[in-house]
Amino acid sequence: MKKAASIFLRADIVQEDIRRLTLWLQNQRVTRFLNEDARVVDELNRLLADVPAPMLRYHMNQQGRFFLVCPEGGGPIGFLKLREHAVGTYEMVIVIGDETLWGNGYGRQAVRAAVAKVFLEWRGRSLTARIYHGNTRSVGLVCGCGFRERERLEKLSCYRITREDLFILLSDCSPFKEYLICYWANQFYDSAINESRYP
């Protein structure tokens, strides 16, 4: 497997990003296991036609936090949605929309970034992924990042990682530990730079 470039989560959204999203969401291989409304592409096209570019981020974040998954120095290759259901309890949806990059580790990096965002930045208590039966790629992805199946329903299963699970994972898994330490250090570095730049 080719090693993926490092990724970051971008919150800013421009019109070209919306156009890219519509292409991804018209690809049945991408949407096969997604629970998106059938009208989502029409809604995205409406945003392009009616909403000023500076307001796109606001509209994309109305039902949770929305981020674009970007490799360092590159454009978006997917997206992450994080929705808080109760205080400290989050659910995530991660999609690598560029299917030519599947199997290269970008999904795993996006899951790790989501874990870091929820537990290190937002001080969350748990993070859940709801995965349809048959989506073996996503099951392997989240289980490889410390999630465990907590509930099995008729059409899907709920995989969850808690704050306590993360502590155990950090004591056992050095690659994940290294990732989170670097993530946390970068957050403090960015914060220090911003404070020095804007006293």
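Residues numbered from 1 in each chain as written. Predicted model: local features only at pLDDT ≥ 70, side-chain atom pairs only at ≥ 80, totals over all residues. Heavy atoms only, no water.

K.L.:
Looking at this structure, how should I read the confidence of the model for the protein?
P.N.:
In low-pLDDT regions, the fine details of the predicted coordinates are not to be read closely. The share of residues in the protein with pLDDT of 70 or more is 84%, and the mean pLDDT across the chain is 87. Predicted confidence for residues 191-199 stays below pLDDT 50, and this span has zero contacts to residues more than four positions away or in other chains. (pLDDT = per-residue confidence, 0-100. Contact = heavy atoms within 4.5 Å.)

K.L.:
Could you clarify how one ought to interpret helix 1 (residues 15-24) in this entry?
P.N.:
An α-helix turns once every 3.6 residues. As a result, residues three or four positions apart point the same way. Within the sequence span of helix 1, burial applies to Asp17, Ile18, Leu21, Thr22 and Trp24. Down the axis of helix 1, the buried set is contained in an arc of 160°. They therefore lie on one face. Residues of helix 1 that are buried make contact with strand 1 (7-10), helix 2 (28-31), helix 3 (40-50), helix 4 (56-60), strand 2 (65-71) and strand 3 (78-86). (Buried < 20%, exposed > 50% of the residue type's maximum accessible area, 1.4 Å probe, protein only. Helix = DSSP H or I, 4+ residues; strand = E, 2+ residues; numbered from the N terminus. Arc of directions from axis to C-beta.)

K.L.:
It is not clear to me how the side chain of Thr128 should be interpreted in this structure. Could you clarify?
P.N.:
Of note, Thr128 is situated in strand 5 (residues 126-132). Every residue in contact with Thr128, bar those within four places of it in the chain, is listed here: Tyr90, Glu91, Met92, Phe147, Cys158, Tyr159 and Arg160.

K.L.:
I keep staring at the environment of Arg137 and nothing clicks. Help me out?
P.N.:
Looking at the secondary structure, you find Arg137 in helix 6 (residues 136-143). As for Arg137 and Trp102, which are separated by 35 residues in sequence, their C-alpha atoms are 9.7 Å apart. If we skip the residues at most four places from it in the chain, Arg137 touches Trp102 and Gly103.

K.L.:
What am I meant to see in the sheet that holds strand 1 here?
P.N.:
Pairing is mixed in the open sheet, where seven strands are placed in the order 1-2-3-4-5-7-6. Edge positions in the sheet fall to strand 1 and strand 6 (148-152), since each has one partner strand and no second. Here the average twist between neighbouring strands, direction ignored, is 30°. Bridge count between strand 6 and strand 7 (residues 156-162): four bridges; the pairing is antiparallel. Along strand 7, the bridge assignment pairs Arg152 with Ser157. Its contacts with the sheet put helix 1 on strand 1, strand 2 and strand 3, and the angle it makes with strand 3 is roughly 90°. (Pairing = 2+ DSSP bridges. Axes fitted to C-alpha atoms, helices over the stretch in contact; angles between N-to-C directions.)

K.L.:
I keep staring at the pairing of strand 5 and nothing clicks. Help me out?
P.N.:
Look at any regular strand and the pattern is simple: side chains alternate between the two faces of the sheet. Most of strand 5 is tucked away: five of the seven residues are buried. Both strand 4 (residues 89-96) and strand 5 contribute to a ladder of three bridges, which runs parallel. In the strand pairing of strand 5, Glu91 is matched with Thr128. For strand 5 and strand 7, the ladder comprises seven bridges, and the chain directions are antiparallel. Its bridge partner being in strand 7, Thr128 is matched across the sheet by Arg160.

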